[in-house]
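# Chain and residue survey
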Amino acid sequence: MKKLLSILLVSVLIISLSACAIPEKAEDPEKTMEILSEAEEITVHIYGEKEEKTLKLLVTEELLSLTEGKWEKASSRPDGKKVLTLTVGTQHEITYFEDGTCMIYYGYASVFEKDRCYFNVTLDEGISQLYNWCCENGTVPETEE
């Protein structure tokens, strides 16, 4: 009985420690920016004061330069409202918040990994520049009928 209990306890401990793992694609902003730079087109979701909208956006050098800045791992979730989300592929997102934080979400994380990581971000050009550029250069996606 003690042996079974010990095996069970060790198994729970291993699973608990594994649950703390974060996939590289969520933990490393440089890896996420590399994936963004390899994309041809992304979807951007704009969270406005009065309305929200989704736009298609070509990945250009100008867009990439607007995402450059200082990224530091944050210890907690953002307090501010969402400003915009860049969706790279189907399960990889970069969400910027008005309080200067950012969340990288990676939906292909295993059940033993965290699927999101939070950062304090200071963009070189500022979040408003990125927001305005996305609004000006994005196009409304064609709806499927």
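Below you will find a few notes about this structure. Position numbers for residues start from 1 in each chain and track the written sequence from start to end. pLDDT decides what is reported in this predicted model: residues at 70 or higher carry local features, side-chain atom pairs at 80 or more are listed and counted, and totals for whole chains, interfaces and linings draw on all residues regardless. The side-chain numbers reported here are obtained from all heavy atoms of the structure, hydrogens and water having been left aside.

### Description of helix α3 (residues 29-38)
- Where α3 is concerned, the buried positions are P29, T32, M33, I35 and L36. One face of α3 carries all of its buried residues, which in axial projection span an arc of 155°. The exposed set on the far side of α3, more than 90 degrees from its buried face, consists of E30 and E38. Here the term buried applies to any residue with accessible area under 20% of the maximum for its type, exposed to any over 50%, and partly exposed to those in between, with areas from a 1.4 Å probe on protein chains only. Helix numbering and strand numbering both begin at the N terminus, where a helix is a DSSP run of H or I of at least 4 residues and a strand a DSSP run of E of at least 2. This arc describes the spread of directions from the helix axis toward the C-beta atoms.

### Thoughts on the pairing of strand β1 (residues 41-47)
- Counting buried residues in β1 gives five out of seven residues, a clear majority hidden from the surface.
- Two strands pair under a simple rule: DSSP has to find at least two bridges between them. Of the pairings in the sheet, the one linking β1 to strand β2 (residues 52-58) comprises seven bridges and is antiparallel in character. Following the sheet pairing, H45 is matched in β2 by T54.
- Joining the antiparallel neighbours β1 and β2 is a turn of four residues.
- For β1 and strand β4 (residues 82-87), the ladder comprises four bridges, and the chain directions are antiparallel. Considered in β4, the bridge of H45 is made with T85.

### Topic: the nonpolar core
- In plain words, nonpolar cores are sets of buried Ala, Val, Leu, Ile, Met, Phe, Trp, Tyr and Cys residues tied together by side-chain atoms within 4.5 Å. In this structure, L36, I42, W71, L86, Y96 and C134 are the most contacted members of the largest nonpolar core, which totals 29 residues.
- With four residues, strand β7 (residues 116-123) is the single largest residue contributor to this core.
- Contacts are assigned to residue pairs that have any heavy atoms within 4.5 Å of one another. If sequence neighbours within four positions are ignored, C134 has contacts with V44, I46, L55, L57, L63 and L86.
- The next biggest cluster of nonpolar side chains, apart from the first, holds five residues, and it includes A74, F97, M103 and Y118.

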